[in-house]
Amino acid sequence: MAKQLIDQFAATLPADKRASVYQSTKSTHEKRTKMLFDQFAEPNRLRALAGEIKQHVLEHLDTLLPAVEAKLQANGARVHWAATAEAACTAVLRIMQARGATKMVKAKTMVSEEIALAPFLEKHGIEALETDLGEFIVQIDHDHPSHIVRPIIHKNRREIATSFERHGLGAYNDDPQTITRRARQFLRQKYLQADVGLTGANFVSAESGRIVLVTNEGNSRFSLAAPPCHIVLVGIEKLVPRDRDLGLLLNLLARSATAQQLTVYTEFISGPKSAAQPDGPEEMHVIFVDNGRTEVLASECREILRCIRCGACMNVCPVYRQVSGHAYRSVYPGPVGAVLSPLLAGKKFPELADLPKASSLCGACHEVCPVNIPIPDLLLRLRDKAKREGARRAAAGTPPMGAWALLASQPAAWKAALFGSKIINYLPTKLLPVPPLRAWEDTRALPEMRGGEFRKWMKGRKKS
Amino acid sequence: MSSDRDTILARVHGALAPLAERAPLPEWDLELVHMRTIQPATDLWALFAERLKLVNGTPLSAVADLVALLEQGRWRRGYCDPALWPQFKDAFPAIFTVETAFDRTRVDDYDFGITAATGAIAETGTLVLTDQGTSSRLAALAPWVHVAVLRREQIHADISAALAVMPADPNIVWVTGPSKTADVEGILIEGVHGPGVQVALLV
């Protein structure tokens, strides 16, 4: 029986990586839970409410999107729309070309990973430099992030120090403080030389048009303090109805992601810099990206679009902890990725149709989700979709159930099988040459097989 | 790009049309997000200072304390908002070199930057900076030490209170402690791209 791809990958994962992914996800999850339950009287009620707010957003995108567009334009930003990944990349390139810009500094954005922006821009002669420490290391290693909040959760300090040395960032030194200081020195010159700063958006308020960005390192602030142009790349699902709803979502996001009450820098950006301000962008562009989201919105799994990308589901997931992020072969790993990635893949759904099976359906992801996404239900719907569409990858490792299905759907065959099964009572099971079975029987007695007795009892009960 | 706009909006309409009813927007009580471990405070500065310390920030309530901190760290060259400098000038001895214009070609020449805060959030130890209130975005970010100058009446009790009075400003930043990362093996390092020392100075 062929193994699932995710199991094949897990088998090649070195033990020390598995241990470090396990340790850090577990400790983040424990801190998150302690913080939420110590500080709030009803954390689960908060999660439910946040879920309702985001579900409202999804089901009102037809009115909220034009509303936020008008608001952003009134605030002095230019709004662009991109139906596909290619359109989004091209939109960024056009903005840069119109300004004669060749250098970009990027804050961490998962959408840019999703549309493969940096490689696209590099092909067109534009330097697109990651500034989040983890993403920077991923970039110089030509690697991929393996966690949406902690991109290099799969790397240790020795590997990072080797990469820094290779990239000309000083002699080998694996002290985390030295690594961080070297990145600080190198990147601040890059911010100052850049023509454009690109960021994502954690939330966009439909009420005020404010783009909300959270970072701990300050790289997005620097990207908005030095370059003269700001581009925001944002999925169409990132809206929130009102500014006051941010009070709920920001409180949940930081605690769920990194067990902080608030991320160090929470920025509310509503347009280019004010006239008197000497630093910052004179021009601001916002690109709303679809890239498969409207298809998800039309599907039976639209709840997954509530996701605020905190990573809590991967931190708690027993499968993610064992296999690490790259096992999911897509930008979004973990439970959220097992739902989102196959859906965003569109026509290539069969290639990722095995991911929804990478779950024991234990439900931990649903319990921690700050927007209360019923991930296990969605995984089941996708398993069903894979079955309906005959996706072969999803079937790998599944025992053939044809004979069972035949038996279970024919009452006569079923009755005969039940009657026939009584033969087991006359077999010397203790002598069967199956070691596990014999070991089991050493300490236990097999109860008598009474095939069909329950049916008889049930029938008799009805008559009386 | 207008065609992409029409495509996306048409797809959104198409996706939502079959829904028999749509999820209503829930009303929710701001009380829900109040941290239960924090008692309502009468002295918001005291609460703010306590919470700021928990995120490794440095609350100070006298200019003399600021000068002592800078002397101790040997941070002698810096920037100060020109509007604030006259009130601090006399407290700074001659060993300090303080400029009131930030030169972006020499970002590493500044050990500290002093700019005005527009507000603070007591519950989380957060400073509120705005574009119109900050004399230079870079000066508040690039130097190792950032000093945000705060007045007592600017302190809000919690996040919801601060959100309720958000000024019309293109760039509002909530700062909760020094810049930090845990990207390398989960080890906390402060001062990544922004300040390694975050001071709130009460005047």
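Throughout what follows, the structure given in this document is the object of discussion. Keep in mind it's a predicted model, so treat the numbers as computed, not measured.

About the criteria used
The residue count restarts for each chain, going from 1 along the sequence in the order it is written. Here chains are named by letter from A upward and ligands by number from 1 upward, in the order in which they appear as written. Residues qualify for local features only when their pLDDT is at least 70, as the model is predicted, and side-chain atom pairs are given and counted only at 80 or more; totals for whole chains, interfaces and linings, by contrast, use all residues. Side-chain descriptors were evaluated using all non-hydrogen atoms of the structure, hydrogens and water having been removed beforehand. Note on conventions: DSSP H or I runs of at least 4 residues are helices, E runs of at least 2 residues are strands, and numbering of each starts at the N terminus. Buried residues are those whose accessible area, probed at 1.4 Å on protein chains only, stays under 20% of the maximum for their type, while exposed residues exceed 50% and partly exposed ones sit between those limits. To measure how exposed things are, a 1.4 Å probe is used in the Shrake-Rupley method; for residues, cover is taken only from the protein chains shown. His is not counted, nor are the chain ends, whereas Lys and Arg count as positive and Asp and Glu as negative. Where a charge lies is defined by one atom per residue type: Lys uses NZ, Arg uses CZ, Asp uses CG and Glu uses CD. To pair, rings of Phe, Tyr and Trp, with the six-membered ring standing in for Trp, must have centres within 6.5 Å; the planes then decide the type, stacked if under 30 degrees apart, edge-to-face if over 60, and tilted in the middle. The rule for a charge over a ring is simple: NZ of Lys or CZ of Arg within 6 Å of the ring centre, and within 35 degrees of the ring normal. Contacts between residues were defined by any pair of non-hydrogen atoms, one from each residue, lying within 4.5 Å. Buried area adds together the accessible area that both of two parts lose upon being put together, with accessible area traced by a 1.4 Å probe. A pair is scored as a salt bridge if a Lys or Arg side-chain nitrogen falls within 4 Å of a carboxyl oxygen belonging to Asp or Glu. Under this definition, polar contacts are N or O atom pairs within 3.5 Å; protein pairs additionally need one hydrogen-donor-capable and one acceptor-capable atom, and for neighbouring residues in sequence, both atoms have to be side-chain atoms. Strand pairing is defined by DSSP finding a minimum of two bridges between the two strands. Where helices are involved, their axes are fitted lines through C-alpha atoms of the stretch in contact, as for all axes, and angles between N-to-C directions lie from 0 to 180°. Put simply, a crossing is left-handed when the front helix is turned counterclockwise from the back one by less than a right angle, and right-handed when it is turned clockwise. Classes in brief: Ala, Val, Leu, Ile, Met, Phe, Trp, Tyr, Cys and Pro nonpolar; Asp, Glu, Lys and Arg charged; the others, Gly included, polar. Residue types Ala, Val, Leu, Ile, Met, Phe, Trp, Tyr and Cys, when buried and joined through side-chain atoms within 4.5 Å, form a set referred to as a nonpolar core. Where a domain begins and ends is set by an automatic assignment or by a domain database.

### Brief notes about the overall build of chain B
- Of regular secondary structure, chain B possesses five helices and 12 strands.
- When its C-alpha atoms are laid out on the principal axes, chain B stretches across 75 × 45 × 40 Å.
- Within chain B, the proportion of its 203 residues that are buried is 56%.
- When the accessible area of chain B is evaluated, it comes to approximately 8,500 Å², of which 52% is carbon and sulfur surface.
- Considering chain B, the positive charge centre built from 16 side chains and the negative charge centre built from 25 side chains are found 3 Å apart.

### What to know about the packing of aromatic side chains
- Here the structure, examined in full by the defined rule, presents 15 aromatic pairs over all chains.
- For the ring pair F136 of chain A and F164 of chain A, a centre distance of 6.0 Å and an interplane angle of 90° mean the geometry is edge-to-face. Of this pair, F136 of chain A sits in helix α8 (residues 133–140) while F164 of chain A is found in helix α9 (residues 157–166), placing the two residues 28 residues apart along the sequence.
- Residue F164 of chain A is classed as buried on the basis of its relative accessible area, which comes to 2%.
- Taken together, W85, F92, F96 and F112 of chain B form an aromatic cluster joined through their ring pairs.
- Between the NZ or CZ atom of R244 of chain A and the centre of the ring of W28 of chain B, over which it lies, the distance is 4.9 Å.
- Lying over the aromatic face of F349 of chain A, K385 of chain A brings its terminal NZ or CZ to 4.5 Å of the ring centre.

### Some thoughts on unusual backbone geometry
Residues and elements named next belong to chain A.
- Residue S324 is not a glycine yet carries a positive backbone phi of 70°.
- Tracing the chain through its elements places S324 in the loop between α15 (318–323) and α16 (334–344).
- Here S324 falls in the buried class, since its relative accessible area comes to 4%.
- Although it is not a glycine, R329 adopts a positive phi angle of roughly 50°.
- Mapped onto the elements, R329 comes out in the loop between α15 and α16.
- The exposure class assigned to R329 is partly exposed, which follows from its relative accessible area of 34%.

### Structural notes on the interface of chain B and chain A
- Opposite the 79 residues of chain B that make contact, chain A presents 101 residues.
- Summed over both partners, the interface of chain B with chain A comes to about 7,600 Å²; 57% of that surface belongs to carbon and sulfur atoms.
- There are seven salt bridges connecting chain B and chain A.
- Between E185 of chain B and R157 of chain A there is a salt bridge whose closest N-O contact spans 3.0 Å.
- The tally of links from chain B across to chain A stands at 50 residue pairs in polar contact (both at pLDDT 80 or more).
- Those elements that place two or more of their residues in the side of chain B that touches chain A are α1 (2–16), β6 (126–129), α5 (159–164), β9 (171–175), β10 (180–181) and β11 (189–190) of chain B.
- Of the residues forming the side of chain B that touches chain A, the biggest block, 10 residues, is contributed by α1 of chain B.

### Here we look at the side chain of D4 of chain B
- When you line up the elements, D4 of chain B lands in helix α1.
- Buried and without a salt bridge, D4 of chain B has R11 of chain B as its closest oppositely charged side chain, separated by 7.8 Å.
- Discounting residues that sit within four places of it in the chain, D4 of chain B has contacts with W81, A82, A83, T84 and A87 of chain A.

### Topic: the sheet that holds strand β3 (residues 97–99) of chain B
All names here are of chain B.
- Strand order in the open sheet formed by six strands is β1-β12-β7-β4-β2-β3, and the pairing between neighbours is parallel. Strands with a single pairing partner mark the edges of an open sheet, and in this sheet they are β1 (58–60) and β3. Within the sheet, the average angular offset between the axes of one strand and its neighbour, ignoring direction, is 20°.
- Where β1 lies against strand β12 (residues 197–202), three bridges are found, and the strand directions are parallel. Looking across to β12, one finds that T58 is bridged to V199.
- Packing against the sheet, helix α3 (residues 63–72) makes contact with β1, β4 (112–116), β7 (145–150) and β12, and its axis sits at approximately 160° to β12.

### Concerning the pattern of salt bridges
All names here are of chain A.
- A full pass over the atoms with the stated rule returns 37 salt bridges over all chains.
- With its nearest N and O atoms 2.8 Å apart, the salt bridge here joins D143 to K155. In this pair, D143 is assigned in the loop between α8 and α9 and K155 in the loop between α8 and α9, connecting sequence segments 12 residues apart.
- Through salt bridges with shared partners, a single ionic network connects E114, E237, R293 and R309.

### Regarding the side chain of Q277 of chain A
- Structurally, the position occupied by Q277 of chain A is in the loop between β9 (265–269) and β10 (283–289).
- You can call Q277 of chain A buried: its relative accessible area is 2%.
- Separated by 2.9 Å, the side chain of Q277 of chain A and the backbone oxygen of T134 of chain B make a polar contact.
- Here Q277 of chain A is in contact with D131, T134, S135, S136 and R137 of chain B, once residues within four sequence places are set aside.

### Thoughts on the packing of α8 of chain A against α9 of chain A
Residues and elements named next belong to chain A.
- Direction vectors running N to C along α8 and α9 enclose 65°, while the axes themselves pass 10 Å from each other. In this structure, α8 meets α9 at a crossing whose hand is left-handed. Facing L133, F136, I137 and I140 of α8, the residues of α9 in contact are I160, S163, F164 and R166.
- Split into classes, the residues belonging to the contact of α8 with α9 amount to six nonpolar, one polar and one charged.

### Structural notes on the nonpolar core
- By size, the foremost hydrophobic cluster in this structure holds 132 residues, and its most contacted members are F288 and I304 of chain A together with F48 and W174 of chain B.
- If one sorts the elements of this core by residue count, helix α12 (residues 243–258) of chain A sits on top with seven residues.
- Per-domain counts for this core show at least three residues from each of domain 1 (5–10 + 295–395) and domain 2 (40–291) of chain A.

### Comments concerning the pairing of β9 of chain B
- For β9 of chain B, the buried fraction is high: five of the five residues fall into the buried class.
- Here β9 of chain B shows no split at all, with N171, V173 and V175 of chain B on one side and I172 and W174 of chain B on the other all buried.
- Two strands pair when backbone bridges link them, and β9 of chain A and β9 of chain B are joined in this way by five bridges, in the antiparallel orientation. The residue bridging E267 of chain A from the neighbouring strand is V173 of chain B, located in β9 of chain B.

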